[in-house]
Amino acid sequence: MTHLRHAPLSRRAWLRHTSAGFGGLALNGLLQAATSPLALRAPMLRPRAKRVIFLFMAGGPSQMDLFDPKPIIQKKHGQSVDAPLPEQHRHESTEKLLALGTDIPVRPRGQSGLTISDLLPHTAAIADELCLLRAVHADNNQHGPAALQIHTGAIAEARPSIGSWISYGLGTENQSLPAFLTIHPGIDTRNYAASFLPAAHQGTPVVLPAKESDPAIDFLSDPSTDAASQRRRYDFIQRMNRRLVDRDSGDARLEGMIHSLETAFRMQAAAPELVDLSKETEATKKLYGIGGKETDKNGRACLLARRLSEAGVRFVQVTMGGWDHHGDIRGGLPKACAATDQPCAGLIRDLQSRGLLEDTLVVWSGEFGRTPWSQDLSGTAPIEKHGREHQPESFCTWMAGGGVKGGLMHGETDEFGFRPVSGKVHLHDLHATILHILGLDHEQLTWRHQGRDFRLTDVYGEVVREILA
Amino acid sequence: MPSFLPHPLPCHRTLRLLLLGKVFCIAAAVHGSAADAFFRDQVEPILRQRCYECHSHAGKIKGGLVLDSRSGWEKGGDSGPAVIPGAAEKSPLIEAVRYANPDMEMPPKAKLPAAEIVILEQWVARGAPDPREAAAVAAKPGIDIEAGRQHWAYQPVRDSAPPAVRDAAWPLNDVDAFLLAKLEAEGIAPVAEADPHTWLRRVTFDLTGLPPTEEEIAAFLADRSARAHERVVDRLLASRAYAERWARHWLDLVGYAEQIGTEGKIFAEHAWRYRDYLVESYHADKPYDRFVREQVAGDLLPASSPEQRREQLIATGFIVLGDVDINAIDKLKMEHDFIDGQVNKVGAVFLGMTLGCVRCHDHKFDAIGQQDYYALAGMFRSTKTTFKTRHGIWSNVHRVDLPELEADRVLGAKHEQTLAAWRKERAKLESESKAPAGKAGADNKKRLDELNAKIKDLGLRIAHGEYFHPGKPQALAVEDVEQPADMRLTIRGNPYALGDPIPRGLVRVAMWDAQPEIPAGQSGRRQLADWIADTRNPLTARVAVNRVWQKLFGEGLVRSVDYFGTRGDTPTHPELLDHLAHRFMGEGWSQKKLIRNLALSRAYRLSSGEAPADSGEPAGSSIHPSLSAALPESAGGSSSDPENKLLWRMNRQRLDAESIRDAMLVASGRLAAPAGGPGLPLEFPENVSGLPLTEKSNHPQFAIKKERESQAYERTVYLPVVRTGTQPGTARLRDVFDFPQPAQITGKRNETTVPTQSLYLLNADLIRQRAADLAGELLKGGDSDEVRVGRLWLRVLNRPETDSERAEALAFLAEARATGDDLAAWTELARALFATNEFLLRF
């Protein structure tokens, strides 16, 4: 068993050796860290990055249209192809296997020649920073289970999210904030759940407020009371709590609860400031496309992700939807690209210019990709109005920043862009690699639950060493 | 990279060679030095370079396959021999390197160069000459059931008499004798009893999930008789609140939610019947063996009345109400996943067995083989649990028609009348809309638009009323399929890679008899139920008793409450566990009698503090002298048993989400009378989308836009549980305080401490509302502030306030009144108390 151990420092032991008491303690992050499950822990291996920003493209971007075009599909546009799709995955709207070509060019970019669509001009401009994985695969072709898999490794069971595992493995650098924040998460809370890990590691959802008065984090403020009243109440509560602790010779949980209330009280002050993007320069905002009609929401989310990373949050996720193009992909895909291209590329550039990219790992991925052949739900639409069905068999993911080789294309798919033929990276491998980059051995990072030592990668996963810088 | 079947399922794998011992013919191999040289020069380097990393004794042995010896590929891995000499086309190794089978592509990361594939093909075609010496392969033995039975949990339950103790005055009952004997042996003195307020709060929360009221506190303090404690416990056990509390504990094991699966928001519109079944069962103290039988095989049990038939059908909701993926294209895999959930649930809930991993391989630690798994799985394969809906690729959970009762007929008739009236109204409006226009163009258009809007609205209400018809009672439940059959073992859980058929049956390691006869045409669930509910089953009573113990004492006698296997915790008090299990069965499997016995023990009265009795607790200090003083050789347990395994004191517990919300309702006097019935307010058409159904319509879904007014004041157990998104309405509090994800089997909930909880305590509107209700209650009548402070403490902390607390409270009120009115000031004070750790914990 390799449970990580927390420093056995009792908060009370510290208290006995300081004259400051609780008042002094309230602002002393180091001491708080001593009893927190989020206390900093040393990595197991040499870390190549300290933190992760996961840009989750919910819905399944079409890798064929964006990164991995196939001549045979272009050539046979509108005609049936002889693709090896297993019987149990065929259904009415896709069974004709009509090749659906790409109408917008995908070209080599930069020094490295990474192939990227004209639909992603900002991403194309940073091609040499990206490590493009072109043969990623997963196990389920439905959104719910597939999204669960990219977050937790499991398809059906509720397991800890990757952000929770990393929080558990490394702790956090900022004790006024949770270690794992997820911006604009989807409705399935299991995707950022700590599951059987201690709940301190669960993702805290953040929703950028539409209105100034709305809190970005649940229960962060109470519009019905003023600060002075809240302070009075807080002091009264903590006085009661302290008296209770003093009555005992020391109860770690009661101490932890006092600490937690302190953190929450501080978060009320720290978090709104972090979420407030108004202090950023115009140039920075422009970089992310903030103010742009399509890009504003994701731009602000990505900028917030940078601010949170900068503040020491270990794992930040930004979810961007709009990729589920079952029909009229030629109409829908440009919109999804427009909404995400500049924000994501702007994030990379901003991290780079602040010197943060070298120890921040950015991962861009959907839960799966889309079929090279078309899908027609109506059964009557012309090929130009067709969409694409889900495809977990292969899809593209990119990474950038700490620990990965920029300007590298890794992996190839077959002539249809259906199955990987080389450089195959399963989601478990991706997870193992992310942990490895952070200095965590995916086989050693375990938690004992119901008699078994669980891992993020279950019993699978190989670090993709070829992509490590 | 794993086996020949990569990533079939997220499950542990062993290296067991399924086909170990199977004999197969080896084609006459080409002998001689030329063949050997071919192997050494051309084939072996490829194997070494490309395969050994994952398939050799020096590297990993993935999929059970080694290629570093001839015997390695002869035996092969999980899917049999890797090479058939002379038959390249039949050799899995060749198929794998050709990437001909997407589930078996080797090496996994990149296909071999064509030239290397050719060499391997030639090698096999030439009879696979392989001169290598067989490496010493230690064949991994199969599971040994007899040896496995030696594990304590599979041994028969053996009663033993309560042991003698030195301090004969301490034990109040048999439980205490067992506990004290151990403490005395270890030289640890138990702490003193908790004060009466603490005990009353503890027992009231533990048994009912609610706090004691002011009146109940007064009554207990006034009762000077020796039976005061008994009277409290009996009152609590008789209450409906007890049943509501313990039904919720059981729901934690079931994965209960009013939503089916997690794709979309598909309503489990009949799930509540199972929840109400649990409440009724606990209220009636249904014998646990019967309770088990009904849930596993209620549909197969005889019934003497329509009511009983109904109850038993509803009980089988246990089998289908977990988390399931119903939006799957691959229905075979979906079915296997379903069955897996069911086997796993039956194993963990009733037997403390982990069976999930046995889907793919024999258990690594317990003597449970794939054979055992598929013997059980065949029973669920023979049970109707899902059906394909008319909506796209959706399936849904099986439902059965319940025998109609008079109440249904009345409800149904009334509903029909309403529907008929709506239909009539619609017909009338429709004919009006077709009537020739009496007015000029613009006016007529307006008239028609209004009419059509009304028609559309009526149409929606009619479609909604037809879809959710209260007169046709159904339950999410199971029944046997028409042709029950055995299931075939699968290789690594892959439903397309089948092994031998496995006769349906029971888990061998916990059997005392031969496998039961399963009558033709039956699934075998009845036999399964009988086996679980048998007094000879070594696990059932132990697991059940331990679950109850954990709820009362904070930790189980076996701490891993859902897992009694070899890697679980061993019992801290094995004789006590067996004694209780034996007594439980002897007393007719009565859970109330069991709880009563535990709650009336001395151990249950102990303080949760570490301090000995005379350390002076401020609030109502201990009334019973500590016996530790009388035992000079004994020491406190805090140093020798810091984890309190020997129970020298009571464990503290954080109130669960339900208790926090419900306690605020009791304290503020707003708790609604016991409810029940549907949790989802589907009677409001605005909460349902996708109706009326059309040819191509997707599955209707729910979104709770409107709640019943009463729901804010009902006990939390009655509020709807959803699987995705935040819990609706005031049930939101569940998300914050460790409500288990309804996908999991959660015998013991987490008790975490996270800033989100603290933010909730500081800022949540729900707490403010309950505090305002409570303040309003206190302000009724002309009590003085001092009296009101006393009542506030009794209602929230269930104890009298101390002098200094009173002074602080009065000072707080004075300050708060400077900026607000009386109600606002008292609300602030009540809000503060609801956020204290003393309120949140039961001591």
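Because the structure is predicted, anything quoted here is derived from the model rather than measured. (Residues numbered from 1 in each chain as written. Chains lettered and ligands numbered in written order. Predicted model: local features only at pLDDT ≥ 70, side-chain atom pairs only at ≥ 80, totals over all residues. Heavy atoms only, no water.)

Draft legend 1. Molecular detail of the overall build of chain B. Per the secondary structure count, chain B includes 31 helices and 14 strands. With the C-alpha coordinates aligned to their principal axes, the bounding extent of chain B is approximately 110 × 105 × 60 Å. Counting across all 843 residues of chain B, residues that qualify as buried make up 60%. Considering only intrachain contacts with a sequence separation of at least 6, the fraction spanning at least 24 residues in chain B is 71%. When the accessible surface of chain B is summed, it comes to about 32000 Å², and 54% of that surface belongs to carbon and sulfur atoms. Side-chain charges in chain B split into 108 positive and 115 negative, and the spacing between the mean points of these groups amounts to 4 Å. (Helix = DSSP H or I, 4+ residues; strand = E, 2+ residues; numbered from the N terminus. Buried < 20%, exposed > 50% of the residue type's maximum accessible area, 1.4 Å probe, protein only. Contact = heavy atoms within 4.5 Å. Areas by Shrake-Rupley, 256 points an atom, 1.4 Å probe, with all protein chains shown as cover. Lys, Arg positive; Asp, Glu negative; His and termini not counted. Charge placed at Lys NZ, Arg CZ, Asp CG, Glu CD.)

Draft legend 2. Structural context of the environment of Asp480 of chain B. Residues and elements named next belong to chain B. Here Asp480 lies in strand S8 (residues 479-480). A relative accessible area of 14% places Asp480 in the buried class. If we skip the residues at most four places from it in the chain, Asp480 touches Asp299, Leu300, Ser382, Thr383, Lys384, Gly521, Gln522, Ser523 and Arg525. Only 2.8 Å separates the side chain of Asp480 from the side chain of Ser523, close enough to count as a polar contact. One polar contact links Asp480 to Arg525, side chain to side chain, over a distance of 2.7 Å. (Polar contact = N/O pair within 3.5 Å; in protein donor to acceptor, adjacent residues only side chain to side chain.)

Draft legend 3. Quick look at the packing of helix H15 (residues 331-351) of chain B against helix H19 (residues 525-532) of chain B. Residues and elements named next belong to chain B. Put simply, H15 and H19 touch, their axes get as near as 12 Å, and they point 20° apart. In terms of orientation, H15 lies roughly parallel with respect to H19. Crossing of H15 over H19 shows right-handed handedness. Here H15 contributes Val346, Phe350 and Leu351 to the contact with H19, which in turn contributes Leu528, Trp531 and Ile532. A per-class count over the contact of H15 with H19 returns 6 nonpolar, no polar and no charged. (Axes fitted to C-alpha atoms, helices over the stretch in contact; angles between N-to-C directions. Parallel < 35°, antiparallel > 145°, perpendicular 65-115°, else oblique. Left-handed = near helix turned anticlockwise from the far one by under 90°. Nonpolar A, V, L, I, M, F, W, Y, C, P; charged D, E, K, R; others polar.)

Draft legend 4. Representation of the packing of helix H28 (residues 785-796) of chain B against helix H30 (residues 822-834) of chain B in the model. All names here are of chain B. At a minimum axis separation of 10 Å, H28 and H30 run at an interaxial angle of 35°. H28 and H30 meet at a crossing whose hand is right-handed. Residue-level contacts link Asp785, Arg788, Val789, Leu792, Trp793 and Val796 of H28 to Asp822, Trp826, Leu829, Ala830, Leu833 and Phe834 of H30. Here the residues of the contact of H28 with H30 are counted per class, giving 9 nonpolar, no polar and 3 charged.

Draft legend 5. Spotlight on the nonpolar core. Core analysis: the biggest nonpolar cluster contains 131 residues, and Val203, Trp250, Tyr274, Phe350, Met353, Leu528 and Trp549 of chain B have the highest contact counts within it. In terms of residue count, H15 of chain B provides more of this core than any other element does, 9 residues in total. (Core = buried A, V, L, I, M, F, W, Y, C linked by side-chain atoms within 4.5 Å.)

Draft legend 6. How the structure looks around the interface of chain B and chain A. If you look at the interface, chain B gives 92 residues, while chain A gives 82 residues. Summing both sides of the interface, chain B and chain A together bury roughly 7400 Å²; the carbon and sulfur share of this comes to 53%. Applying the counting criterion to the chain B and chain A interface returns 10 salt bridges. Between Arg190 of chain A and Asp323 of chain B there is a salt bridge; the shortest N-O distance is 3.1 Å. Linking chain B with chain A are 22 residue pairs in polar contact (both at pLDDT 80 or more), by the criterion used here. Ranked by residue count, the leading element in the side of chain B that touches chain A is helix H26 (residues 755-763) of chain B, at 8 residues. Taken together, the residues that form the side of chain B that touches chain A break down as 40 nonpolar, 21 polar and 31 charged. (Buried area = accessible area lost by both parts, 1.4 Å probe. Salt bridge = Lys/Arg side-chain N within 4 Å of Asp/Glu carboxyl O.)

Draft legend 7. Focus on the pairing of strand S9 (residues 369-375) of chain A. Residue and element names in this part refer to chain A. Most of S9 is tucked away: 7 of the 7 residues are buried. Of the pairings in the sheet, the one linking S9 to strand S10 (residues 387-391) comprises 4 bridges and is antiparallel in character. Paired with Ser374 across the two strands is Arg388, which belongs to S10. (Pairing = 2+ DSSP bridges.)

Draft legend 8. Here's a closer look at the pairing of strand S1 (residues 51-57) of chain A. Residues and elements named next belong to chain A. Among the 7 residues of S1, 7 are classified as buried, and the element is accordingly described as predominantly covered. Of the two faces of S1, the one carrying Arg51, Ile53, Leu55 and Met57 and the one carrying Val52, Phe54 and Phe56 are both buried. Of the strand pairs in this sheet, S1 and strand S8 (residues 360-365) are connected by 6 bridges, and their pairing is parallel. Looking at the pairing, Val52 lines up with Leu361 of S8. Pairing geometry for S1 and strand S7 (residues 315-320), over 6 bridges, is parallel. Opposite Leu55, over in S7, you have Val318 as the bridge partner.

Draft legend 9. Examining helix H20 (residues 540-553) of chain B more closely. All names here are of chain B. The terminal C-alpha atoms of H20, which comprises 14 residues, lie 20 Å apart, in line with the 20 Å expected from a rise of 1.5 Å per residue. Of all 14 residues in H20, 14 are buried; the element is thus mostly enclosed. The positive-phi residue at the C-terminal boundary of H20 is Gly554, with phi of around 90°. (Expected span 1.5 Å × (residues − 1).)

Draft legend 10. Geometry of the confidence of the model for chain A. Here chain A shows a mean pLDDT of 87. Residues at 70 or above account for 90%. Counting contacts from residues 1-34 of chain A, a segment whose pLDDT is below 50, to residues more than four positions away or on other chains yields 58 contacts. (pLDDT = per-residue confidence, 0-100.)

Draft legend 11. Spatial organisation of the packing of aromatic side chains. All names here are of chain B. Considering all chains together, one arrives at 39 aromatic pairs over all chains under this definition. For the pair Tyr288 and Phe291, a centre-to-centre distance of 6.1 Å together with 50° between the ring planes defines the contact as tilted. Taken together, the residues span about one helical turn, with Tyr288 and Phe291 both in helix H12 (residues 288-297) at a distance of 3 residues. Here the basic side chain of Arg126 rests over the ring of Phe38, its NZ or CZ set 4.1 Å away from the ring centre. Above the plane of the ring of Phe684 lies Lys706, whose end atom (NZ or CZ) is 4.1 Å from the centre. (Phe/Tyr/Trp six-rings, centres within 6.5 Å; stacked < 30°, edge-to-face > 60°. Lys NZ or Arg CZ within 6 Å of the ring centre and 35° of its normal.)

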